[in-house]
Amino acid sequence: MIYSQFHTPPLRERFSGFRGLAMFIAGFVVLGLSLVMLPFILLAGAVAFALLSVFGRIWLGKLQRRAQQAQAAQSSQSTVDGEEAFVRFRDRDLFRPRPHQGRTFEHDPTE
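Residues numbered from 1 in each chain as written. Predicted model: local features only at pLDDT ≥ 70, side-chain atom pairs only at ≥ 80, totals over all residues. Heavy atoms only, no water.

Scanning the protein chain from N- to C-terminus turns up four helices and zero strands. Seen in sequence order, the protein chain has helices and strands lined up from the N terminus as α-α-α-α. For the protein chain, the residues scored as buried account for 2% of the 111 residues in total. When the accessible area of the protein chain is evaluated, it comes to approximately 11,300 Å², of which 66% is carbon and sulfur surface. (Helix = DSSP H or I, 4+ residues; strand = E, 2+ residues; numbered from the N terminus. Buried < 20%, exposed > 50% of the residue type's maximum accessible area, 1.4 Å probe, protein only. Areas by Shrake-Rupley, 256 points an atom, 1.4 Å probe, with all protein chains shown as cover.)

Pasting the structure below:
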């Protein structure tokens, strides 16, 4: 009695006839369209990436020029007699390497 329900596979009844054939054809159509459309999708992604790179570079250049102009205008307004030389010296001094200020310990292999 229990064996009789496992005697016929349930998938044969579920996917048989016109419905099964329609699902099979629909699956092939989806797979075919996805394989045909994949190169176009990749091409569109590459074009979009290239456009974003070019226009992003142009936009960042404009932004950098504006910042440099604002900085130049601000520095020309704030310079007093000896302040400009001090600012140049201070900015140059920032990149000078500083001596080591920590302690060093010698390794004694006998310990």
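The UniProt entry lists residues 20–37 and 43–60 under the feature "transmembrane region" (unreviewed entry), expressed in the numbering used here. Along residues 20–37 the backbone is 100% helical and 0% strand, and the end-to-end C-alpha distance reaches 26 Å. Structurally, residues 43–60 comprises 100% helix and 0% strand, and the distance from its first C-alpha atom to its last is 25 Å. (UniProt positions renumbered as here; feature names shortened; annotations may be inferred.)

This paragraph deals with a nonpolar patch on the surface. Where nonpolar side chains cluster on the molecular surface, the patch consists of Leu21, Phe24, Ile25, Phe28, Val29, Leu31, Leu33, Val36, Met37, Phe40 and Ile41 and spans about 1,100 Å² of accessible area. Along the chain, Leu33 falls in helix H3 (residues 17–78). (Patch = residues over 30% accessible without salt bridge, like charges linked within 9 Å, V, L, I, M, F, W, Y side chains within 5 Å. Salt bridge = Lys/Arg side-chain N within 4 Å of Asp/Glu carboxyl O.)

This part covers the packing of aromatic side chains. Tallied over the entire structure, the rule returns one aromatic pair. Here Phe24 and Phe28 contribute two aromatic rings whose centre-to-centre distance is 4.8 Å and whose plane-to-plane angle is 90°, an arrangement assigned as edge-to-face. Note that Phe24 and Phe28 are positioned in helix H3 at a spacing of four residues, about one turn of the helix. (Phe/Tyr/Trp six-rings, centres within 6.5 Å; stacked < 30°, edge-to-face > 60°.)

Here the protein chain averages 79 in pLDDT, and 66% of its residues register 70 or above. Mean pLDDT values for the elements of the protein chain range from 58 in helix H4 (residues 83–93) up to 90 in H3. (pLDDT = per-residue confidence, 0-100.)

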